[in-house]
Amino acid sequence: MRVHNRCLGSMGQKLGLPKTTTALLLGSPLHRRSGICSRNERSLAPRAVLEALQWDNKFIKECPADPEQQNSLRQVHNALFSFVHPTPPASEPYLIDFSTQMAGEIGLDPSECERPEFALIMSGAAPMPGSKPYAQCYGGHQFGMWAGQLGDGRAISLGEIVGRNGNRWELQLKGAGKTPYSRRADGRAVLRSSIREYVASEAMAALGVPTTRALSIVGTGEKVLRDMFYTGNARFEPGAVVCRVAPSFVRFGTFQLPAQRGAGQEALVKVVADYVLRNHMPHLLKPGGDGSNGSSSNGPWNPYTALLREVCCSTARLVAAWQSVGFTHGVLNTDNMSIHGLTIDYGPFGFMDQFDPYMTPNLTDLEGGKRYAFRNQPEIGQVNLVMLANALLAGELMSKEEAEQQLLLYSQVLVEDYTDKMRAKLGLRTYNAKLSTELMKLMYEDDADFTNTFRALGSIPAVSSIVTDEATQKLPQSLAGAIGAQELSEEREAAWLQWLGAYQARLRKEGVPDEERMAAQNAANPKFIPRQHLLQYAIDDAENGDFSELARLMEVVTRPYDEQPTADPKYSMPPPPEMLKRPGVQMLSCSS
């Protein structure tokens, strides 16, 4: 463990830290686990100190605030957010890890993350100059049923920063205390779920999947009571806070709540739409900004129709990306759908090990008929977009015909994007539906590992024979390992060999040199993903105060397409039997 004992002095006062906090730090130096933040990531510039970040809090300037200042549970009407301050943890917070890449994106020098003040700020224990903390008000359909007001129950936004290249970023602390929307919860988050969100956010970004990001994870030093399986067996777990980052945290449910409430609140639908258009999609304000001919089928240019079109397309691309890497979100409620087409709210998510279209990592969804199972995600994406369109219609921002026209784009873009990703994963110049479908059938019937099977295809030459002698055929070793060929019957192995022969014939027909094709194929098929059991290894050690496994896991999953020959083989292997049987690893609840 490395001990940071830097005197705050004037730095603490510049950041607005209370004198008592400064005195506490001077008398009790901040501890930070060693080895976590020393990863070598690419340099990003320009960079600033914490005090010089460029805040531009447009959301709270342009949207109506809740007039009530007290942080108490209530129904909030005619407002899109409530001002609220984080609740400082009672114990001393400590930095666990941070993303140097994300620090650079928001314009922050990564070395600033190692200042003692950083852990205080990112745990909610101290304010940051320029920030105006608030919690958003929104609703949503949960498991197909309207749930009414939901809102940020344990996420508190610090505000918006203009970062590198003029990009806008909203910083949000998840687990920093109660808000008016916390309902019966305590506003806190545990280390277990925080590690999962932190790792997944950065791993998904490295995979090229649209996602919210994570700037940091900070331990609070507090114990948080959680009943992980809702069985009455609650236990105290270490607390933590993740600083999430996104262009904004506006959700489908942000539009839905005022639309559903009616009584004049429908006007807020236009307010939030205007905020999104002005600050995040300004190209849609000009005719043809979405790439169309500059008019709708029913008349002049309508930027709100263009907004729906943009969200339909970005959501389709997001779902296609999920399906291509074997990711299941687990809780695709409309309040968990980003207006930017990003993966948001990492709860009981999971990456597939063995290929199973019916896979769901959410215990609640398992009991509820697998509504959000892997195979259902494309359909659920469309259902949620219909809910968004209904909200825009309630706000009188477009006609029904205009909305329907945009909704049709979802399936079109989804199919185009997904088939292109599958084409790349198969190493083909043109998509071949028969090869793809037959491969999926084989994988399903023989419980093949999703990630490893596709990665193995990148090592198969197009011109070599799979005949090892005149009498015997044998699957290539890499593919055999991915599908567990040692357990296959002769009939099943023959089926794989038949498919492989057709696959190699197609590769030879397309004529792309093996070296070129294999490189492109490996760039489309990750070797490393944050598997459930790998996350659990990191959680187990972290709960005992050892963050070295988290560091190693982050090293691996933030370079998912690299071969990484020196990495421990466990990071690319399916879960061992004991991890398949252990409760809370493969199947999870929403408890965090």
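Look a little higher up for the structure.
Note that the structure is predicted; figures quoted are calculated from it, not measured.

Parameters at a glance
Residues numbered from 1 in each chain as written. Predicted model: local features only at pLDDT ≥ 70, side-chain atom pairs only at ≥ 80, totals over all residues. Heavy atoms only, no water. Helix = DSSP H or I, 4+ residues; strand = E, 2+ residues; numbered from the N terminus. Buried < 20%, exposed > 50% of the residue type's maximum accessible area, 1.4 Å probe, protein only. Contact = heavy atoms within 4.5 Å. Areas by Shrake-Rupley, 256 points an atom, 1.4 Å probe, with all protein chains shown as cover. Axes fitted to C-alpha atoms, helices over the stretch in contact; angles between N-to-C directions. Parallel < 35°, antiparallel > 145°, perpendicular 65-115°, else oblique. Left-handed = near helix turned anticlockwise from the far one by under 90°. Nonpolar A, V, L, I, M, F, W, Y, C, P; charged D, E, K, R; others polar. Expected span 1.5 Å × (residues − 1). Polar contact = N/O pair within 3.5 Å; in protein donor to acceptor, adjacent residues only side chain to side chain. Salt bridge = Lys/Arg side-chain N within 4 Å of Asp/Glu carboxyl O. Arc of directions from axis to C-beta.

**Overview of the overall build of the protein**
Thought 1: The number of helices and strands found in the protein is 20 helices and 13 strands.
Thought 2: Here the protein holds 592 residues, and 58% of them are scored as buried.
Thought 3: A sequence separation of at least 24 residues applies to 74% of the contacts in the protein between residues at least 6 apart.
Thought 4: Counting every atom, the protein has about 23400 Å² of accessible surface; 52% of that belongs to carbon and sulfur.

**Considerations on the packing of helix α9 (residues 303–325) against helix α12 (residues 400–426)**
Thought 1: Two elements in contact, α9 and α12, have axes whose closest approach is 8 Å; the angle formed by their N-to-C orientations is 30 degrees. Relative to α12, the element α9 is oriented roughly parallel. For the element pair α9 and α12, the recorded crossing hand is right-handed.
Thought 2: Residue composition of the contact of α9 with α12, grouped by class: 14 nonpolar, five polar and six charged.

**Comments concerning α9**
Residues three or four positions apart in an α-helix share a direction because the helix packs 3.6 residues into each turn.
Thought 1: Here α9 contains 23 residues, and its C-alpha end-to-end distance of 33 Å stays within 8% of the 33 Å for a straight helix at 1.5 Å per residue.
Thought 2: In terms of burial, α9 is a largely internal element, 20 of the 23 residues being buried.
Thought 3: Capping the start of α9, Asn302 holds a side-chain oxygen 2.9 Å from the backbone nitrogen of Tyr304, two or three residues further along.

**Some points on the environment of Ala214**
Thought 1: Structurally, Ala214 can be placed in strand β10 (residues 213–226).
Thought 2: Taking the C-alpha atoms as reference points, Ala214 and Ser99, separated by 115 residues in sequence, lie 7.0 Å from one another.
Thought 3: Those residues within four positions of Ala214 in sequence are excluded, and the remaining contacts are Ser99, Met102, Tyr198, Ser201, Glu202, Val242 and Cys243.

**Looking at the side chain of Thr305**
Thought 1: Mapped onto the fold, Thr305 is located in helix α9.
Thought 2: Of the polar contacts made by the side chain of Thr305, one reaches the side chain of Asn302; its length is 3.1 Å.

**A closer look at the pattern of salt bridges**
Any two side chains of opposite charge can pair, given that their charged atoms come close.
Thought 1: Applying the stated criterion to the full structure yields 37 salt bridges.
Thought 2: One salt bridge in this structure joins Glu160 and Arg168, with 3.4 Å as the shortest N-O distance. For the pair Glu160 and Arg168, a shared accessibility class is recorded, and that class is buried.

**Some points on the environment of Pro93**
Thought 1: Among the structural elements, Pro93 can be located in the loop between β3 (81–83) and β4 (94–98).
Thought 2: Linking Pro93 and Ser123, residues 30 residues apart in sequence, is a C-alpha distance of 6.6 Å.

**Observations concerning helix α17 (residues 514–522)**
Thought 1: Residues of α17 that are buried: Arg517, Met518 and Gln521. In a view along the axis of α17, the buried residues occupy a sector of 100 degrees, so they form one face of it.
Thought 2: Buried residues in α17 make contact with α12, α14 (450–457) and α16 (490–510).

**Focus on the environment of Tyr431**
Thought 1: In this fold, Tyr431 is placed in the loop between α12 and α13 (433–445).
Thought 2: Tyr431 sits in the partly exposed class, given a relative accessible area of 31%.
Thought 3: Distance from Tyr431 to Asp420, taken between C-alpha atoms, is 6.8 Å for residues 11 residues apart in sequence.
Thought 4: If near-sequence neighbours (up to four positions away) are discounted, Tyr431 is found in contact with Thr419, Met422, Arg423 and Ser436.

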